[in-house]
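# Per-entry structural report
Single-letter residue listing:
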Amino acid sequence: MNPFPPKYQSRTSKAAPIYNASGLRANASELPLAVYNLGMALRSLPRSKSLGVMITASHNDWRDNGVKVAVDGHIPNALDEKKIVSLMLDVQDPPPPNTHKAPLTVGVDNRYSSLYLCRILCLGWGGSTRFIGLCSTPQLHLFSSQSYPNHKTFNLSISDLRSHWTNNLTLAYESLLHTPKRQTLHVDCSNGVASIVIEPLVRSLNYLTLVLHNTGGGTGGGKEADCNTILNEKCGSEYVQKSKKPPKLYDSSDTYKFREDSNNDIWCSVDGDVDRIVFYKVISTASPLIDDASIKLFDGDRLTCLVVKYLKRVTVNLSLNIGAVQTGYANGASTRYLEDVLKVRVLCTKTGVKHLHEAASKFDVGVYFEANGHGSVVFSPYVLKLLTFDYKDERLKAEVKILKNIVKLCNEYVGCAVADMLLCLVAVDEIGWDGVEEFYADLVSSTTKFFVADKNLVECNGDETKVLQPKGMQEELDEAMREVGGGGRCFVRKSNTEDCVRIYAEGEDDKVVRLLEDKVRVILG
Ligand code: NG1
Ligand code: ZN
């Protein structure tokens, strides 16, 4: 069955899972061969590189799984990604021997299929490995960057690596606190590895009480019938950001109620592999039913504004070129706030952190967040150099001290939800969450899925805000935007992580957005 009306049909194919900017992702049952081939493909990457793999499907359904590769700690660049893809498609027989000296650093999330797929990947790799066990994707990136046999941390045990990570974040956060005062943050761990990753911080942070919820991270995260805590289901950052509802609370001992008396509590939700975070406050509800509760969401767009505002304030004398990076999913009101009020340049890239991270490195200090909470701060070599100088001027000295701690907090390879959590808490200290709420009023928006037989029929332009193929579709979308008026904006693109096309619609009220989304669905067929 072709997903689109005949006028848009050009070719049909149902491709096998393949590596892309978001890694490899599919239903776990479809993955073994692709994962084995990916392991073999890694043999042919340069021996001088330090390689890592994380077995995870992030925010996806618990039945899915996938692999994210780290090259010298980073998300693979375009060249390495291309090489991985072509080697996976054209497997050599017999495979080349594995001549890598550095072991492959391997981490897993808590999906029932993760250990199985990890084993298969290691068979494909056929060389030595350094197994981290349950960890977050940002931890895997960081730990794998340090896996050269001559690296100073190479001989550290895994538990030392973990303690080093915890201590580093604790020290950086506590040094950044303006006026240390005890505060409480509720964390929805999405029944993923977050509870395991964050638990040591619960003990080490002196001024922050972290109350962890949905902590089924060690128990399989959705292992069919025998597990009652389900990874990412009605919980976690993806659910909260897209549905704008508080998470379901799974733990039987969890007595928290989203009620009127919880109005001022601050919550955050992370995703299954802890590289996304959104914050929120629950809006008063008299009903005991969680489905009746709503939230005031501080999504990635608002976090970008918060962090940019903070960075501008604490580096006023260093006068750095601070910029922001967003995707088409960024709420238009946030882009206007960044440009018109905070007066920073905003770049728009393709969806996928890899693209945002690359673009952010064009600034002295680049702040990026996808609306869904994937984000970080990137510092240019120029700024890192500035931080090594000895300043006589007291104001510069103080600013450099702050910036050094921010650099220490942020994961330089890929956004880390835990680092972002601490950075946002520092940044919000002076203005409070009410201040963040006042930045701007969100335009109404919706991101929905459209299931098709072949999502690859949709091809987009550079930043994925316009359709190039099927021909004629963009003209129809433009027409729909004109017809609905009311600041209506929409775009469609194929998902890299799910078998669907995503529809984004935005406008000044619900009516405009609903109308626009309906029109887009009709256009898609
Ligand atoms: P896809 O499935 O390509 O839309 C989703 C997110 C991305 C990014 C990746 C990786 C949306 C609309 N898309 O990508 O922003 O986070 O997952 O996890 O949220
Ligand atoms: Zn993730």
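Predicted model only: the values in this text are computed from it and were never measured. (Residues numbered from 1 in each chain as written. Chains lettered and ligands numbered in written order. Predicted model: local features only at pLDDT ≥ 70, side-chain atom pairs only at ≥ 80, totals over all residues. Heavy atoms only, no water.)

Taking 1.5 Å as the rise per residue, helix α1 (residues 32-43) with twelve residues should run 16 Å; its terminal C-alpha atoms sit 17 Å apart, in good agreement. For α1, a buried count of nine out of twelve residues is recorded, marking the element as mostly surrounded by other parts of the structure. Restricting attention to buried positions, one finds in α1 the residues Ala34, Val35, Asn37, Leu38, Gly39, Met40, Ala41, Leu42 and Arg43. (Helix = DSSP H or I, 4+ residues; strand = E, 2+ residues; numbered from the N terminus. Expected span 1.5 Å × (residues − 1). Buried < 20%, exposed > 50% of the residue type's maximum accessible area, 1.4 Å probe, protein only.)

Turning our attention to the confidence of the model for the chain. Mean pLDDT over the chain stands at 91; residues scoring 70 or higher make up 93%. Confidence drops under pLDDT 50 across residues 222-226; counting only partners more than four residues distant or on other chains, this segment forms eight contacts. (pLDDT = per-residue confidence, 0-100. Contact = heavy atoms within 4.5 Å.)

With that settled, the discussion passes to the coordination of the zinc ion (ligand 2). Ideal values for angles at a metal depend on the geometry: 109.5 degrees with four tetrahedral donors, 90 or 180 degrees with six octahedral donors. At the metal site, the zinc ion (ligand 2) is ligated by Ser58 (OG), Asp271 (OD), Asp273 (OD) and Asp275 (OD), and these contacts range over 2.0 to 2.1 Å. Here the zinc ion (ligand 2) binds four donor atoms, and the angle range of 88 to 168° at the metal identifies the geometry as irregular. (Donors = N, O, S within 2.8 Å, 3.2 Å for Na, K, Ca; no water. Tetrahedral: all angles 85-135°; square planar, octahedral: opposite > 155°, others 65-115°.)

Inspection of the secondary structure assignment puts Asp273 in the loop between β8 (266-270) and β9 (277-283). We classify Asp273 as buried; its relative accessible area is 0%. Between the C-alpha atoms of Asp273 and Gln146, which are 127 residues apart in sequence, the distance is 20 Å. Contact partners of Asp273, with chain neighbours within four places excluded, come to Thr56, Ser58, Lys68, Ser136, Thr137, Pro138 and Val193. Engagement of the side chain of Asp273 in a polar contact is seen with the side chain of Thr137, the distance being 2.5 Å. (Polar contact = N/O pair within 3.5 Å; in protein donor to acceptor, adjacent residues only side chain to side chain.)

Applying the stated criterion to the full structure yields eleven aromatic pairs. The structure contains a cluster of three or more aromatic residues connected by ring pairs, namely Tyr256, Trp267 and Tyr280. Sitting over the face of the ring of Tyr440, Arg302 holds its NZ or CZ atom 4.0 Å from the ring centroid. (Phe/Tyr/Trp six-rings, centres within 6.5 Å; stacked < 30°, edge-to-face > 60°. Lys NZ or Arg CZ within 6 Å of the ring centre and 35° of its normal.)

Applying the stated criterion across every chain yields a total of 23 salt bridges. Between Arg111 and Asp109 there is a salt bridge; the shortest N-O distance is 2.8 Å. Neither residue differs from the other here; Arg111 and Asp109 are each classed as buried. Asp393 serves as the salt-bridge partner of Arg395, at 3.3 Å between the closest nitrogen and oxygen. Residue Arg395 is classed as exposed on the basis of its relative accessible area of 51%. By relative accessible area, Asp393 is classed as partly exposed at 29%. Among the ionic contacts, a cluster of salt bridges with common partners joins Glu238, Lys242, Asp271 and Arg276. (Salt bridge = Lys/Arg side-chain N within 4 Å of Asp/Glu carboxyl O.)

Attention now goes to the environment of Cys460. Within the fold, Cys460 resides in strand β16 (residues 459-460). Accessibility expressed as a relative area gives 22% for Cys460, which makes it partly exposed. Sequence spacing of Cys460 and Leu208 is 252 residues, and the spatial spacing of their C-alpha atoms is 44 Å. Apart from residues lying up to four places away in sequence, Cys460 is in contact with Lys466, Val467, Leu468, Val492 and Arg493.

Bringing the state of the cysteines into the picture now. Counted by the stated rule, this structure contains zero disulfides. Cysteine Cys189 shares no disulfide, and the gap to the nearest cysteine sulfur, in Cys268, comes to 8.0 Å. Note on Cys189: relative accessible area 0%, which makes it buried. In this model Cys348 remains outside any disulfide bridge; the closest cysteine sulfur is found in Cys460, 12 Å from its own. (Disulfide = S-S within 2.5 Å.)

Moving on, we come to the nonpolar core. Ranked by size, the top nonpolar core spans 82 residues in total, and within it Leu185, Phe279, Ile406, Val418, Met421 and Trp433 carry the most contacts. By residue number, the principal contributor to this core is helix α13 (residues 417-428), which donates eleven residues. For Trp433, the residues in contact, after removing those within four places along its chain, are Ile266, Phe279, Lys281, Phe298, Leu303, Leu306, Cys424, Leu425 and Val428. Among the nonpolar cores identified, the runner-up in size contains 28 residues, and Leu24, Val35, Leu45 and Cys118 belong to it. (Core = buried A, V, L, I, M, F, W, Y, C linked by side-chain atoms within 4.5 Å.)

For the rest of this paragraph, the subject is the domain arrangement of the chain. Taken as a whole, the chain is organised into domain 1 (16-155), domain 2 (164-297), domain 3 (300-437) and domain 4 (444-524). Between the C-alpha centres of domain 2 and domain 4 there is a distance of 32 Å. (Domains from an automatic or database assignment.)

It is worth spelling out the site of ligand 1 at this point. Near ligand 1 lie 15 residues; those nearest to it are His374, Ser495, Asn496, Thr497 and Arg502. At 2.8 Å from an oxygen atom of ligand 1 is found a side-chain nitrogen or oxygen belonging to His374. At 2.6 Å from an oxygen atom of ligand 1 is found a main-chain nitrogen or oxygen belonging to Asn496. Here the residues of the shell around ligand 1 sort into one nonpolar, eight polar and six charged. (Near = heavy atom within 4 Å. Nonpolar A, V, L, I, M, F, W, Y, C, P; charged D, E, K, R; others polar.)

Looking along a regular strand, one sees the side chains alternate between the two faces of the sheet. Judged by how many residues are buried, β8 sits mostly within the fold: five of five residues are covered. Note that strand β6 (residues 183-188) and β8 share three bridges and pair parallel. Across the sheet, residue Asp188 finds its bridge partner in β8, namely Ser269. Where β8 lies against β9, five bridges are found, and the strand directions are antiparallel. Counterpart to Ser269 in the pairing with β9 is Val278. The turn linking β8 back onto β9 is made up of six residues, and Val274 within it adopts a positive phi angle of 60°. (Pairing = 2+ DSSP bridges.)

Here we take up the packing of helix α8 (residues 300-314) against helix α9 (residues 332-341). Close contact between α8 and α9 brings their axes to 9 Å; oriented N to C, the two are set at 15°. Taken together, α8 and α9 sit at an angle that is classed as roughly parallel. As α8 packs across α9, the resulting crossing turns out to be left-handed. Contact residues: Asp301, Thr304, Cys305, Val308 and Lys309 in α8; Ser334, Tyr337 and Leu338 in α9. Among the residues making up the contact of α8 with α9, the classes are represented as four nonpolar, two polar and two charged. (Axes fitted to C-alpha atoms, helices over the stretch in contact; angles between N-to-C directions. Parallel < 35°, antiparallel > 145°, perpendicular 65-115°, else oblique. Left-handed = near helix turned anticlockwise from the far one by under 90°.)

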